[in-house]
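Remarks on the overall topology
This is what each chain is made of:
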Amino acid sequence: MAKEERERIVIPDENGDENLFEVLFKFDVDQTGKSYMVTIPVADSEDDDTDEVEVFPFRYEENGEEDDLALFPLETDEEWDMIEEMLNTFQDDEFETEQ
């Protein structure tokens, strides 16, 4: 079965070097009006030999232009808890899809 092609984004690091990330999923929180995404480095997503992958979650805002996003680090324990819950749901869905 062919692997589904995911959205990819370029995120510069603190040195200005550009890194390619794959977007695992995005979601909006209606109560706060905030949007979130969870990403993984493309190098990790293409390495099928490991079971553990480091994820990078962000709060994001669209800047009007089609491909222009502003990314913000998570600031509260509540945001981290919400991301963890969504990631667990995502993993459960992925596992069910593979079977």
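What counts and how
Residues numbered from 1 in each chain as written. Predicted model: local features only at pLDDT ≥ 70, side-chain atom pairs only at ≥ 80, totals over all residues. Heavy atoms only, no water. Phe/Tyr/Trp six-rings, centres within 6.5 Å; stacked < 30°, edge-to-face > 60°. Helix = DSSP H or I, 4+ residues; strand = E, 2+ residues; numbered from the N terminus. Buried < 20%, exposed > 50% of the residue type's maximum accessible area, 1.4 Å probe, protein only. Lys NZ or Arg CZ within 6 Å of the ring centre and 35° of its normal. Polar contact = N/O pair within 3.5 Å; in protein donor to acceptor, adjacent residues only side chain to side chain. Core = buried A, V, L, I, M, F, W, Y, C linked by side-chain atoms within 4.5 Å. Contact = heavy atoms within 4.5 Å.

**Observations regarding the packing of aromatic side chains**
Tallying each qualifying case throughout the model produces four aromatic pairs. For the ring pair Phe21 and Phe56, a centre distance of 5.4 Å and an interplane angle of 80 degrees mean the geometry is edge-to-face. With Phe21 in strand β2 (residues 18-29) and Phe56 in strand β4 (residues 56-62), this pair connects stretches of sequence that are 35 residues apart. Among the residues examined, Phe21 registers a relative accessible area of 10% and is labelled buried. By the ring-pair criterion, three or more aromatic residues cluster together here, those being Phe25, Phe27, Tyr36 and Phe90. Residue placement shows Arg59 over the ring face of Phe72; its charged tip is 4.4 Å from the ring centre.

**Considerations on the side chain of Glu22**
By the secondary structure assignment, Glu22 is in strand β2. Of the polar contacts made by the side chain of Glu22, one reaches the side chain of Arg6; its length is 3.2 Å.

**With respect to the nonpolar core**
The biggest cluster of nonpolar side chains holds eleven residues, and these are Leu24, Phe25, Phe27, Val29, Tyr36, Val38, Ile40, Leu74, Ile83, Leu87 and Phe90. Only β2, β3 (34-41) and α2 (77-98) provide two or more residues apiece to this core. Broken down by element, the residue count for this core peaks at four residues, all from β2. In this structure, Leu74 is in contact with Tyr36, Pro57, Phe58, Arg59, Glu79, Trp80 and Ile83, ignoring residues within four places of it in sequence. Among the nonpolar cores identified, the runner-up in size contains seven residues, and Ile9, Ile11, Met37 and Tyr60 belong to it.

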